[in-house]
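Residue-level listing of the chains:
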Amino acid sequence: MKIKLISLVALVLATVFSGLGLPIPAHAGAREVPPDALRCLALAVYFEARGEPREGKEAVAYVVLNRAREAQFPGGVCQVVQQGGEQRPCQFGWWCDGRSDKPAPGRMWESSQDVAREVLAGQVEDPTEGALYFLRVKAREPTWAERLTRLARIGGHVFYR
């Protein structure tokens, strides 16, 4: 019975991790963070929330991760970040704005990478309660937001599902 349960857990983990574009961890509680997923998530955090407090960065990272888990979005961190391609409309404006996606070296880029690594490794809880969308507080609320449930305001963003 114990071997069957372990096999079932391994199967569930394999399904979840492969759906996110993540490798299966060598042992429970530890997740290896693939470099491409780390870079894509760190870029999203950097360009969407680099001036936010840590919880705001974590919240933005979780929106990307939450989308990677949902059937209506592409599976995998990079696929979510790059959804829509480099032409408008795209999911994240910084990805398709025609400007460089190269972060400036320094503390903000390092912090974005740290947050991305910790979120991907499962070391941080989702502060958004499963949000799939966000927008800046200062932005005029678009019509699409009226159809969604507002979950939280964290830093300079409002999060929705």
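Located above this text is the structure these notes cover.
Residues numbered from 1 in each chain as written. Predicted model: local features only at pLDDT ≥ 70, side-chain atom pairs only at ≥ 80, totals over all residues. Heavy atoms only, no water.

K.L.:
Just checking my understanding: could you explain the pairing of strand β2 (residues 150-154) for this structure?
P.N.:
Remember that side chains alternate between the two faces of the sheet whenever the strand is regular. With 4 bridges joining them, β2 and strand β3 (residues 157-160) adopt antiparallel strand pairing. Bridging across to β3, R153 finds its partner in V158. Taking the residues that link successive antiparallel strands as the turn, the β2-β3 hairpin has 2 residues, and the phi of G155 there is positive, at about 60 degrees. (Pairing = 2+ DSSP bridges. Helix = DSSP H or I, 4+ residues; strand = E, 2+ residues; numbered from the N terminus.)

K.L.:
What exactly am I supposed to notice about the sheet that holds β2 here?
P.N.:
The strands that make up a sheet are held in pairs by hydrogen bonds between backbone atoms, and each pair lies either parallel or antiparallel. Pairing in this open sheet of 3 strands is antiparallel, and the strands run β1-β3-β2 from one edge to the other. Bordering the open sheet on either side are β1 (133-136) and β2, each of which pairs with just one other strand. Each adjacent strand pair in this sheet contributes to an overall mean axis angle of 20 degrees, direction not counted. Strand direction decides the pairing type here: β1 and β3, joined by 4 bridges, are antiparallel. Bridge pairing in β3 places Y133 opposite Y160. (Axes fitted to C-alpha atoms, helices over the stretch in contact; angles between N-to-C directions.)

K.L.:
Whenever I open this one, the environment of L65 confuses me. Can you help?
P.N.:
Within the secondary structure, L65 is located in helix α3 (residues 54-69). Given a relative accessible area of 1%, L65 falls into the buried group. Once the C-alpha coordinates of L65 and L132 are considered, the two residues, 67 residues apart in sequence, prove to be 8.7 Å apart. (Buried < 20%, exposed > 50% of the residue type's maximum accessible area, 1.4 Å probe, protein only.)

K.L.:
Just to check I follow, could you spell out the packing of aromatic side chains for this structure?
P.N.:
Two aromatic rings are characterised by how far apart their centres lie and by the angle between their planes. Applying the stated rule across the entire model yields 4 aromatic pairs. Relative to W109, the ring of Y46 has its centre 5.8 Å away and its plane inclined at 90 degrees; by these criteria the two rings are edge-to-face. Taken together, the residues span a long stretch of sequence, with Y46 in helix α2 (residues 35-49) and W109 in helix α5 (residues 107-120) at a distance of 63 residues. W109 shares its class with Y46; the two are buried. Through a chain of ring-to-ring contacts, the aromatic side chains of Y46, F47 and W109 assemble into a single cluster. (Phe/Tyr/Trp six-rings, centres within 6.5 Å; stacked < 30°, edge-to-face > 60°.)

K.L.:
Whenever I open this one, the state of the cysteines confuses me. Can you help?
P.N.:
A covalent bond between the sulfur atoms of two cysteines is referred to as a disulfide. Counted under the stated rule, the structure contains 1 disulfide. A sulfur-sulfur distance of 2.0 Å marks the disulfide that ties C40 to C78. Where C40 bonds to C78 through sulfur, the torsion about that S-S bond is close to 100 degrees, and the disulfide is right-handed. Of the two residues, C40 is situated in helix α2 and C78 in helix α4 (residues 77-81); the sequence distance between them amounts to 38 residues. (Disulfide = S-S within 2.5 Å.)

K.L.:
Is there a simple way to explain the side chain of T128 in this structure?
P.N.:
Mapped onto the elements, T128 comes out in the loop between α5 and β1. For T128, a relative accessible area of 0% gives the class buried. Side-chain polar atoms of T128 contact the side chain of D126, separated by 2.6 Å. What T128 contacts, discounting residues up to four positions off in sequence, is A59, N66, L151, I154 and F159. (Polar contact = N/O pair within 3.5 Å; in protein donor to acceptor, adjacent residues only side chain to side chain. Contact = heavy atoms within 4.5 Å.)

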